[in-house]
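Below, each chain spelled out in residue letters.
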Amino acid sequence: MTPTPKKLIDEDTIRARVAELGAMISRDQGGREVHLLGILRGSFVFMADLARQIAVPTTVDFIALSSYGDETVSSGVVKIEIDLGISIRDREVIIVEDIVDTGLTLQYLLRNLATRGPRSMKLCALLSKPSRRKATVDIDYLGFEIPDEFVVGYGLDHAQRYRNLPYIGVMDGVGEV
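Just so you know, the residues in each chain are numbered from 1, in the order the chain's sequence is written. pLDDT decides what is reported in this predicted model: residues at 70 or higher carry local features, side-chain atom pairs at 80 or more are listed and counted, and totals for whole chains, interfaces and linings draw on all residues regardless. Excluding hydrogens and water, the side-chain values take into account all heavy atoms of the structure.

Participant: Help me understand the overall build of the chain in this model?
Facilitator: Helix numbers and strand numbers start at the N terminus; a helix is a DSSP run of H or I with at least 4 residues, a strand a run of E with at least 2. On a plain count of helices and strands, the chain comes out with three helices and nine strands. Helices and strands appear in the chain in the N-to-C order β-α-β-α-β-β-β-α-β-β-β-β. Atoms counted for the radius of gyration: C-alpha only. Globule rule: 2.2 Å times residue count to the power 0.38. Relative to its length of 177 residues, the chain is compact, with a C-alpha radius of gyration of 16 Å against a globular reference of 16 Å. In terms of principal-axis extent, the alpha carbons of the chain reach across some 45 × 35 × 25 Å. Only protein chains enter the accessibility calculation, which uses a 1.4 Å probe; a residue whose area is less than 20% of its type maximum is buried, one above 50% is exposed, and one in between is partly exposed. Taking all 177 residues of the chain together, 45% fall into the buried category. By definition, residues are in contact when any of their heavy atoms lie within 4.5 Å. Sequence-distant contacts in the chain: of pairs separated by 6 or more residues, those separated by 24 or more amount to 66%. In this description, accessible areas are obtained by the Shrake-Rupley approach with a 1.4 Å probe, and a residue is regarded as covered only by the protein chains that are shown. Counting only carbon and sulfur atoms, one obtains 49% of the accessible surface of the chain, whose full area is about 8,900 Å².

Here's what the structure looks like:
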């Protein structure tokens, strides 16, 4: 039997904050098209909801990176598993991430994407664990700052489970750091 995670952030709170983030992005874009770049797999739910809240022309693409596998801590080695399907050259890109933990994976990705010639690049993250940060990463649009606990739901997983939960929950006894 799979344990039920304790609610950390409920569905209504997430919905309201995603609407605020979409409004902020729309305002900041000033009518200019934005290209959302979701980091698979954890960002897919957040990015779908966020895209519906953005009031300027929007295109989307995904990239898949791995550094965790089925583990609860990063291996430190980043690998691009699925690369972009659309060029980001001369586009205003917003990278959509589920959670910024150590920042090491994002630091690698930002450096990689910068070589591809985007007009601008910003980061939108649903969650941030600043106590775990090992690399400096500027988050332009942040949903929630959370404590150093292992979270699942709303796209985030533990061994590919729990992504379908409509809330962010804490898994007791999992991924103790």
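Participant: How should the sheet that holds strand β8 (residues 151-152) be read in this particular structure?
Facilitator: The strands that make up a sheet are held in pairs by hydrogen bonds between backbone atoms, and each pair lies either parallel or antiparallel. In spatial order, the strands read β1-β9-β8; together these three strands make up an open sheet with antiparallel pairing. Each having just a single partner strand, β1 (6-9) and β8 make up the two edges of the open sheet. Where β8 lies against strand β9 (residues 168-170), two bridges are found, and the strand directions are antiparallel. Considered in β9, the bridge of valine 152 is made with glycine 169. Two strands are said to pair when DSSP picks up at least two bridges between them.

Participant: Is there a simple way to explain the nonpolar core in this structure?
Facilitator: A general trend in soluble globular proteins is that nonpolar side chains are found buried together. In this text, buried Ala, Val, Leu, Ile, Met, Phe, Trp, Tyr and Cys residues form a nonpolar core when linked through side-chain atoms within 4.5 Å. Core analysis: the biggest nonpolar cluster contains 26 residues, and Phe46, Leu50, Ile94, Cys124, Leu127, Val151 and Ile168 have the highest contact counts within it. Where this core is concerned, the elements lending two or more residues are α1 (11-29), β2 (34-40), α2 (44-53), β5 (92-100), β6 (120-128), β7 (141-145) and β9. With four residues, the top contributor of residues to this core is α1. Beyond its immediate sequence surroundings of up to four residues, cysteine 124 is in contact with Leu21, Ile25, Phe46, Leu50, Ile94, Ile95, Val96, Glu97 and Tyr141. Ranked by size, the runner-up nonpolar core spans 15 residues in total, among them Leu65, Val93, Val100 and Leu123.

Participant: Sorry, what's going on with the pattern of salt bridges here?
Facilitator: Pairs may arise between side chains of opposite charge once their charged atoms sit close together. Salt bridges are counted wherever a side-chain nitrogen of Lys or Arg sits within 4 Å of a carboxyl oxygen of Asp or Glu. For the structure on display, the rule yields 12 salt bridges. The partner of glutamate 20 in a salt bridge is arginine 17, with the nearest N and O atoms 2.7 Å apart. Of this pair, glutamate 20 and arginine 17 both sit in helix α1, separated by three residues, roughly a single helical turn. For glutamate 92, the salt bridge is made with arginine 32, and the minimal N-O distance between the two is 2.9 Å. Placement of glutamate 92 in strand β5 and of arginine 32 in the loop between α1 and β2 is noted, with a sequence separation of 60 residues between them. You can call arginine 32 partly exposed: its relative accessible area is 39%. Look at the salt bridges and you will find they share partners, linking Glu11, Asp12 and Arg15 into a network.

Participant: Looking at this structure, how should I read the sheet that holds β7?
Facilitator: Taken in spatial order, the six strands line up as β4-β3-β2-β5-β6-β7 in an open sheet, and their pairing is mixed. Two strands in the sheet have a free side with no partner beyond their single neighbour: β4 (79-82) and β7. Taking each pair of neighbouring strands and ignoring which way they run, the sheet shows an average axis angle of 30°. Alignment of β2 against β5, held across four bridges, turns out to be parallel. If you follow histidine 35 over to β5, its bridge partner there is valine 93. This element, α2, spans β2, β3 (58-66), β5 and β6 of the sheet and lies at about 160° to β2. Its contacts with the sheet put helix α3 (residues 104-114) on β2, β3, β4, β5 and β6, and the angle it makes with β5 is roughly 165°. Axes, fitted as lines to C-alpha atoms, cover a helix only where it is in contact. Angles between the N-to-C directions of the axes lie from 0 to 180 degrees.

Participant: I tried to follow the packing of aromatic side chains on my own but got confused; where do I start?
Facilitator: Stacked, edge-to-face and tilted labels apply to pairs of Phe, Tyr and Trp rings (six-membered ring for Trp) whose centres lie within 6.5 Å, assigned for plane angles under 30 degrees, over 60, and everything in between, in that order. Within this structure, the stated rule accounts for zero aromatic pairs. Comment: the charge-over-ring label is applied if NZ (Lys) or CZ (Arg) is within 6 Å of the ring centre and within 35 degrees of the ring normal. The ring of tyrosine 167 carries lysine 7 above its face, with NZ or CZ at 5.1 Å from the centroid.

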